[in-house]
Amino acid sequence: MMRATRLPALLWLMVLTACLAFSSVQLLRGASLDTRITALLPETHQSPGVDRANDQLSAPFTHRFVLLLEAEQPNEASGALAQTLEDADVVSELRYRPGDYQLDNLLEVLGPSRYRLLGENLRATIDSGDTDDLRRQALASLIMPTGLDQHPVRDPFGLLDRWLDSQLSTRFDTRGDLVTLEVDGRSLVVMTATLSGNAWDTGLQDRLTDAINDFQGAHPDAQLWRSGMVFHAADGAHQAKSEISTIGLGSLIGVLLILLVVFRSPVTIATLLLPLVAGGVFALAITLWWFQGIHLLTIAFGSSLIGVAIDYALHLQCARTLAGREFRLRRMLPGLALGLVTSVMAYVVQAFTPMPGLRQMAIFAGCGLVGAWLTVVLWLPLTRVHTTPGTRALAERLWGVLDRLRGRLGPRLALVLALVAISIAGVRLQGDDSLRLINTSSQQLLGDEALVQRELGRDTGTVYLLVMAHDTEGFLGRVESLNPLLESLMQEGHLGGYTSLAERVPSRSRQSTNLERTRTLYQQQLDQVYASAGLPPALYERALEALEQSPPLTLDHWLASPLGESDQRLWLGEIDRGQVGGMITLNGGIDDRARQQLASLARSDENIELVDRVEQISAVLGELRRQIAQWVAGALVALTLLLALRYRWRTWRVIAPAGGAILTVLTLYALLGVPLNLFHQLALLLVLGIGLDAGIFMQEHPRAHHAWLAITLSIISSLLAFGLLAFSATPVLHHIGMTTLIGLASVWLLTALVQHRLPPDQTTPHDNAHDHG
Amino acid sequence: MSCRKRLRSLSLVLATLPLWLAALPAHAMSLESLADHLAAQGDVAGRFEQTRYLADLDTQIDGRGRYRFEQGNRVTWSLESPVEETMELSEAGIRRNGERLDDDPAGVATLIMQLLNGQLSTLADRFEVTLEGNQQAWHATLVPRQQGLAEYLDSIDMRGDNRLEQINMAMADGDRLNIHLLPPEEDPGTADTSSRQAP
């Protein structure tokens, strides 16, 4: 027998060595360790316009960051902060002094077209015919210019200045050496920076975080508000890293302690952990090979799942410890094989979802389980185990507990309870698919972000209208036609605000009608302005000439200018042959009314699309939640049929621990008003896997003390791992932990309660001919 | 941040240059004592005359009105001709014809108030200041330090005796803006003689 088992064991060793070598090479070559939460989300299949729009709109938020600084000595503090950031080599450009902003060539870009650029108010004033105020203001600024290029011939009415006034309603203050912003009566220095590298680069994140910590250490009185993707990414990576280490370590120490108490042999414990290591190596190699990288959350979630893998080792070693020389692997194999098949099935259904993150987790967990199982079956029988009286005493005490619990839940009562649970969960259970679930940013950072976005009118481009047209003129005209609706939504308080290219560059036809209005204004008032100012009337002709020669402002010209640079993100240009596109971003709170009106507008016009990325992702999360529920329900039905082939009428005892635990969790959440989310469901998969293992082993070895000992140990060790997850501050991990905590406790209790009542003399401490009796 | 704002700030600062003098940085000789000397005049009110010379048209526009400076509190600059317009600067901000100017504003008002309170660092950072003469006949030249401002403004000249008398502003394109502050007790009727010497 030894000879027969040694060859596969040797082969398995070679496979694992190869896996280890492959993973090491991959990791040393810098295989990507992904920390992006969005990488877990499915790539939505949509028009290329939407994809490009998403990238373009979020780019400034990704590549730049904003700091608001409050300090008693703002000059000194902001200088020190700038120096710290520059020394840390994290920024390629830093702006916080008025001189840092590129001198905008306003006159050059807008000057020639100024007669064609009229704000809404000025248009209305000229249309009303009452232009005397405009004449008075013109006279005052001709003698004492208060704006750019207010010249009797070039711009007697200060049109350029009025246009800029209607455009730039900025609250920035450049009174001194610093650019500041008044917020709630406090003056904050505004510092904007462009990252020198990638926001997802953990090295850059660390340098930035350290730099800011250094600054805050040196300036305890200063307060900082942060905005930018890099901070959120750093927050997420930091939290995930620290939780992986605490949860992983806590789980390991807890499991080791318990095993030491039970087996009292370091060698046995080593053989229990060996499958975990082997499973981990196998899973890592396959995942790296398949996905060319691995997500941090996969490691966090996956390494906890491998905790299920210890099941097999526990069952085997418990049996060997208690049976001694009478142990036969053959008797264990059906249970072990069924345990593996059911658990792998429960996880692998996730691989059918379109969520790359879930697929990765499924592959990782599945491979981990297979690797651990192979190690248990191929290697563990080759090791020696020590039979200790302590282990046997403990197994008997546990068996006593089982004896007191068993038989208390009969099939009829179980059916009634299941029906009650199903009806409660069916009526009361709510779902939650909001994006908050996958948010890893701290409350502090979210508060900072909200303040900066509100005060600076910075948006992350998550809600917008994508507008398409045959050419630029058609685009601007279409965007302009939306202004009345957007304005009225804003005035009625349904919409916070919007940013549109047509506000910067009016369409040609609008520029033409504006030019007509300017001509009207000149005809009505310019003679009198010149007369009052004592200027020669002959200037009138020259002023009109400037009007005639005025070229329209083009979108390209504007976007290429320094001032139009920040508007580039709103313009896609050509997205298809004969089709151009651009965006109107919506910001500052959009209520249902606004959403409805814009959605119905988008439905009625094929050239307009309302895109809400947050809602899109929520919809995807919801869809996945429903899909997983359906797949798992289907898998459960299939498994029940499969198990019925072997267990016949005892099948309900196999299914009850897992099914009952899931129903317990769902009913509890329904009664407590906890809405069910995707991550609860993922955790229920784990409960399902461990529950099925428990049900199978108790049916395979109904009189064996080792089976109940192994089940108890397995559940306690998993509870330790996941009990820690429930205390995680990362919502995803918390939901998983909470669910597993309740679910696994239920599995243990139900496994005991549904067992058949046995006469006391028929029980044995170990496997023998009485199995299946 | 834009040059437009710098220019606007500049013209508002210009309108209130009388106030500045009380707070010019003590870079050169007796500027500090001159500032004290001028500040000792207390609240001042009177008439002003101004001329904007347009180089490309080789013509000029004249204006006149009243100024009032309440030491440390408020500045009123009332244009009476060719059109009536009042600018008022105080701690609360800037008002134009009684209406609050929301635009750039609070920044400039605060700047002015800072200057009045003797916080000189801000002004010294923006302009290179040279002072010649003595308290009875002095002449100050301000040259902008910032490139952005220098593209529009060459320099500001100020002269006076125991009060500020004349401000001449030379723009980069050759335009000039000259302001003559008449003595508080002087009869407004004599204004013509002084305006003629302007450009």
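Refer to the preceding data block for the structure.
The numbers attached to residues start from 1 for each chain and follow its sequence in the written order. Going through the entries in the order they are written, you letter the chains from A and number the ligands from 1. In keeping with the model being predicted, local features are shown solely for residues with a pLDDT of at least 70 and side-chain atom pairs are shown and tallied solely at 80 or more, while totals for entire chains, interfaces and linings include all residues. Side-chain figures throughout are based on the complete set of non-hydrogen atoms in the structure, without hydrogens or water.

Please provide a residue-by-residue account of the overall build of chain B, values included.
Check the secondary structure of chain B and you find seven helices and eleven strands. Remark: exposure states derive from per-residue accessible area (1.4 Å probe, protein chains only) relative to the maximum for the residue type, with buried under 20%, exposed over 50%, and partly exposed in between. With 199 residues in all, chain B has 53% of them scored as buried. For chain B, restricting intrachain contacts to residue pairs at least 6 apart in sequence, the fraction spanning at least 24 positions comes to 43%. In short, Shrake-Rupley with a 1.4 Å probe defines the accessible areas, and a residue's cover is counted only from the protein chains shown. Per element, the accessible surface of chain B, about 8500 Å² overall, is 43% carbon and sulfur. Every helix listed is a DSSP run of H or I at least four residues long, and every strand listed is a run of E at least two residues long, numbered separately from the N terminus. Residue contacts are counted whenever heavy atoms from the two residues lie within 4.5 Å of one another.

Account for the overall build of chain A, with residues named and values stated.
When you go through chain A residue by residue, the secondary structure sums to 27 helices and 13 strands. Out of the 773 residues in chain A, the part that is buried amounts to 54%. Look at the contacts in chain A between residues 6 or more apart in sequence, and 82% of them connect residues 24 or more apart. Surface summary for chain A: the accessible area is close to 33100 Å², and the carbon and sulfur share equals 58%.

Now, about the pattern of salt bridges: what can you tell me, with residues and values included?
Opposite charge on two side chains permits pairing when their charged atoms draw close. Salt bridges are identified by distance alone: a Lys or Arg side-chain nitrogen within 4 Å of an Asp or Glu carboxyl oxygen. The full count for this structure, using the stated rule, is 22 salt bridges over all chains. Ionic pairing is found between A:Arg136 and A:Asp133, a salt bridge with its closest N-O pair at 2.7 Å. Taken together, the residues A:Arg136 and A:Asp133, both in helix H6 (residues 132-143) and three residues apart, mark about one turn of the helix. A relative accessible area of 39% places A:Arg136 in the partly exposed class. Since its relative accessible area comes to 43%, A:Asp133 is described here as partly exposed. A salt bridge links B:Glu80 to B:Arg47; its shortest N-O distance comes to 2.8 Å. Of the two residues, B:Glu80 is situated in strand E3 (residues 74-81) and B:Arg47 in strand E1 (residues 44-54); the sequence distance between them amounts to 33 residues. For B:Glu80, a relative accessible area of 33% translates into the label partly exposed. For B:Arg47, a relative accessible area of 13% gives the class buried.

An account of unusual backbone geometry is needed here, citing residue identities and associated values.
The bulk of non-glycine residues show a negative phi, and the bulk of peptide bonds are trans. A cis amide bond, omega 10°, links B:Ser81 with the succeeding residue B:Pro82. If you trace the backbone, B:Pro82 turns up in the loop between E3 and strand E4 (85-90). A positive phi angle is found at A:Gln292, which is not glycine, with a value near 60°. Assignment of secondary structure puts A:Gln292 in the loop between helix H10 (266-291) and strand E8 (293-295). A positive phi angle is found at B:Asp58, which is not glycine, with a value near 45°. Mapped onto the secondary structure, B:Asp58 falls in the loop between E1 and strand E2 (59-70). Residue class for B:Asp58 comes out exposed when judged on its relative accessible area of 58%.

Explain the layout of surface pockets to me, using residue names and the numbers behind them.
All names here are of chain A. Using a grid of 1 Å spacing that covers the protein atoms alone, one calls a set of points a cavity when a 1.4 Å probe fits there but cannot get out, and a pocket when the set is open and has protein on both sides within 12 Å along at least five of seven lines; lining residues are those with an atom within 4 Å of a point. Grid points are joined across faces, edges and corners, and a volume is the space filled by probe spheres set on the points. Taken as a whole, the second largest pocket spans an internal volume of roughly 1100 Å³. Along the wall of the second largest pocket there are 40 residues; nearest its centre are Ala 418, Gly 659, Gly 660, Ile 662 and Leu 663. Breaking the lining of the second largest pocket down by element, the ones donating at least two residues are helix H15 (411-428), helix H23 (613-647), helix H24 (651-672), helix H25 (678-700) and helix H27 (731-753). At twelve residues, the largest contribution of residues to the lining of the second largest pocket is made by H24. Classification used: nonpolar for Ala, Val, Leu, Ile, Met, Phe, Trp, Tyr, Cys and Pro, charged for Asp, Glu, Lys and Arg, polar for all others including Gly. Partitioning the lining of the second largest pocket into residue classes produces 33 nonpolar, six polar and one charged.

So, the side chain of B:His139: which residues are in play, and what are the values?
Residue and element names in this part refer to chain B. Tracing the backbone through its elements, the reader meets His 139 in strand E8 (residues 137-144). For His 139, a relative accessible area of 18% translates into the label buried. A polar side-chain atom of His 139 sits 3.4 Å from a polar atom in the side chain of Asp 157. Among residues more than four places away in sequence, those in contact with His 139 are Thr 130, Leu 131, Glu 132, Asp 157, Met 158 and Arg 159. Contacts described as polar in this section are N or O atom pairs within 3.5 Å, which, within protein, must combine one atom able to donate a hydrogen with one able to accept it, while residues neighboring in sequence count only if both atoms come from side chains.

Tell me about the packing of aromatic side chains, and name the residues and values.
Stacked, edge-to-face and tilted are the three classes for Phe, Tyr and Trp ring pairs, Trp counted by its six-membered ring, which pair at centre distances within 6.5 Å; planes under 30 degrees apart are stacked, over 60 edge-to-face, the rest tilted. Taken as a whole and assessed by the stated rule, the structure comprises nine aromatic pairs over all chains. Summarising the aromatic geometry, the rings of B:Phe48 and B:Trp77 are spaced 4.0 Å apart at their centres and angled 10° between planes, so their arrangement reads as stacked. Of this pair, B:Phe48 sits in strand E1 while B:Trp77 sits in strand E3; the two residues are 29 residues apart in sequence, bridging distant segments of the chain. Here the two residues B:Phe48 and B:Trp77 agree in accessibility, since each one is buried. Taken together, the aromatic side chains of A:Trp289, A:Trp290 and A:Phe291 make up a single cluster linked through ring pairs. Only Lys NZ and Arg CZ are tested; either one counts as a charge over a ring when it is within 6 Å of the ring centre and within 35 degrees of the ring normal. The side chain of A:Arg226 reaches across the aromatic face of A:Phe231, ending 5.7 Å from its centre. Geometry around A:Phe327 places A:Arg320 over its ring, the cationic atom sitting 5.9 Å from the centre.

Tell me about a nonpolar patch on the surface, residues and numbers included.
Residues and elements named next belong to chain A. A cluster of nonpolar side chains, namely Leu 7, Leu 11 and Met 14, defines an oily patch on the protein surface of about 330 Å² accessible area. Checked against the element boundaries, Leu 11 lands in helix H1 (residues 2-28). Residue class for Leu 11 comes out partly exposed when judged on its relative accessible area of 48%. Nonpolar side chains (Val, Leu, Ile, Met, Phe, Trp, Tyr) within 5 Å and like charges within 9 Å form the patches, drawn only from residues with over 30% relative accessible area and no salt bridge.

Which residues make up the pairing of strand E11 (residues 571-576) of chain A, and what values go with them?
The side chains of a regular strand alternate between both faces of the sheet. All names here are of chain A. Sheet analysis places E11 next to strand E12 (residues 579-590), joined by four bridges and oriented antiparallel. Counterpart to Asp 576 in the pairing with E12 is Gln 579. At least two DSSP bridges between two strands are required for those strands to pair. Hairpin remark: E11 followed by E12, antiparallel, with two residues in the connecting loop; positive phi at Gly 578, about 70°.

Before we move on, can you summarise the environment of A:Arg6 with the specific residues and values?
With respect to the element layout, A:Arg6 can be found in helix H1. It is 8.5 Å that separates the C-alpha atoms of A:Arg6 and A:Trp379, two residues lying 373 residues apart in sequence.

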